[in-house]
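Given next are the chains, with one letter for each unit.
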Amino acid sequence: QSALTQPRSVSGSPGQSVTISCTGTSSDVGGYNYVSWYQQHPGKAPKVMISDVTKRPSGVPDRFSASKSGNTASLTISGLQAEDEADYYCCSYAGNYIWVFGGGTKLTVL
Amino acid sequence: QVQLVESGGGVVQPGGSLRLSCAASGFTFNNYGIQWVRQAPGKGLEWVAFIHFDTNHQYYTDSVKGRFTMSRDDSKNTLFLQMNSLRGDDTAVYYCAKDGPEGDDFDYWGQGTLVTVSS
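This structure is a prediction, so every number in the text was calculated from the model and none was measured.

The next point concerns the overall build of chain B. Along chain B, the regular secondary structure elements total zero helices and eleven strands. Order of helices (α) and strands (β) in chain B, N terminus to C terminus: β-β-β-β-β-β-β-β-β-β-β. Relative to its length of 119 residues, chain B is compact, with a C-alpha radius of gyration of 13 Å against a globular reference of 14 Å. Overall, the C-alpha framework of chain B stretches about 40 × 25 × 25 Å when taken along its three principal axes. Looking at chain B as a whole, 50% of its 119 residues qualify as buried. With the model as given, the accessible surface of chain B reaches about 5,200 Å², and the carbon-plus-sulfur share is 45%. When the 9 positive and 13 negative side-chain charges of chain B are each reduced to one mean point, those points stand 9 Å apart.

Structure below.
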């Protein structure tokens, strides 16, 4: 149950795009199409932004998109806005009702 | 609307016990699995435990197996996390989170309750 690997931080200017990677193994990210992404603002509970690798829940802006290739999932935020500044976590199913999170990525909007 | 409210956090000495509660409303409680996720101060999210809505089987991350026990009272729409033999690295905000409709994400979260293990 090792944590998934994410970059500690990414940054971008308003209007730009950023991509956050999430690398696991064939036992989690690569083995299941159950990767989700969560946004967390300071002092707040996480909010699901993407589920099932690419699906956006109702209410999530279409600026948020995601994909997966092999053992690596990616979240892309286009048209960056100030309110996107937050921590982002990937999460993958790892079999037998067990889940594993990434270490988190701090997004700074310059 | 869906609401999850955790309670029961506090300060406890190493080796002590604490029971967290997660009161749910706004959805059919016994139709969904519930997860516990924790976040140590300044750190990332860590999946802790899951209880199945149908079988009540529980699943735990390795570091808490044998020390933590989940249970649920469907008559009160409440979930519990009994934490025994607490250690310093159990210090964290503990969130309960509801499974999504397909069981493939955590679509609603509580506000969290802080557990501090310290002498």
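Here we come to the pairing of strand 9 (residues 92-99) of chain B. Residue and element names in this part refer to chain B. In terms of burial, strand 9 is largely enclosed, as seven of its eight residues are buried. The sheet contact formed by strand 4 (residues 34-39) and strand 9 spans six bridges and is antiparallel. In the strand pairing of strand 9, Q39 is matched with V93. One ladder, built from three bridges, connects strand 9 with strand 10 (residues 106-109); its direction is antiparallel. Paired with A97 across the two strands is W109, which belongs to strand 10. Where strand 9 folds back on strand 10, the antiparallel hairpin that results is connected by six residues, among which G103 adopts a positive phi of roughly 70°.

This paragraph deals with the sheet that holds strand 6 (residues 72-77) of chain A. Residue and element names in this part refer to chain A. The strand order across the open sheet formed by three strands is 2-6-5, and the pairing between neighbours is antiparallel. Looking at which strands have only one partner, the edges of the open sheet turn out to be strand 2 (18-23) and strand 5 (64-69). Strand after strand, the sheet turns through a mean of 20° between neighbouring axes, direction not considered. Sheet topology places strand 2 next to strand 6; six bridges connect them, and they run antiparallel. Bridged to T19 within strand 6 is T76.

Turning our eyes to something else, we now look at unusual backbone geometry. In the Ramachandran plot, Y97 of chain A falls in the positive-phi region, its phi being about 65° despite a non-glycine side chain. Examined against the element boundaries, Y97 of chain A turns out to sit in the loop between strand 7 (86-93) and strand 8 (99-101). Despite not being glycine, N77 of chain B shows a phi value in the positive range, around 50°. The residue N77 of chain B is located in the loop between strand 7 (68-73) and strand 8 (78-83) in this model.

We now examine the environment of G88 of chain B. All names here are of chain B. Looking at the secondary structure, you find G88 in the loop between strand 8 and strand 9. For G88, a relative accessible area of 45% translates into the label partly exposed. Spatially, the C-alpha atom of G88 lies 7.7 Å from that of T116, the residues being 28 residues apart in sequence.

What the rule picks out here adds up to two disulfides over all chains. Covalently, C22 of chain A is tied to C90 of chain A through a disulfide, its sulfur atoms 2.0 Å apart. One quick way to see it: the torsion about the S-S bond of C22 of chain A and C90 of chain A is about 80°, and its sign makes the bridge right-handed. Of the two residues, C22 of chain A is situated in strand 2 and C90 of chain A in strand 7; the sequence distance between them amounts to 68 residues. Pair check on accessibility: C22 of chain A and C90 of chain A agree, each one buried. For C22 of chain B, the disulfide goes to C96 of chain B, at an S-S distance of 2.1 Å. With the S-S dihedral at roughly 70°, the linkage between C22 of chain B and C96 of chain B falls on the right-handed side. Linking C22 of chain B in strand 3 (residues 18-25) with C96 of chain B in strand 9, this pair joins segments that are 74 residues apart in sequence. Look at C22 of chain B and you get buried, because its relative accessible area is 1%. Classification of C96 of chain B by relative accessible area gives buried; the value is 0%. Cysteine C91 of chain A remains unbridged, with the sulfur of C90 of chain A as its closest cysteine sulfur at 7.7 Å.

Definitions and cut-offs
Residues numbered from 1 in each chain as written. Chains lettered and ligands numbered in written order. Predicted model: local features only at pLDDT ≥ 70, side-chain atom pairs only at ≥ 80, totals over all residues. Heavy atoms only, no water. Helix = DSSP H or I, 4+ residues; strand = E, 2+ residues; numbered from the N terminus. Rg over C-alpha atoms; globule rule 2.2 N^0.38 Å. Buried < 20%, exposed > 50% of the residue type's maximum accessible area, 1.4 Å probe, protein only. Areas by Shrake-Rupley, 256 points an atom, 1.4 Å probe, with all protein chains shown as cover. Lys, Arg positive; Asp, Glu negative; His and termini not counted. Charge placed at Lys NZ, Arg CZ, Asp CG, Glu CD. Pairing = 2+ DSSP bridges. Axes fitted to C-alpha atoms, helices over the stretch in contact; angles between N-to-C directions. Disulfide = S-S within 2.5 Å.

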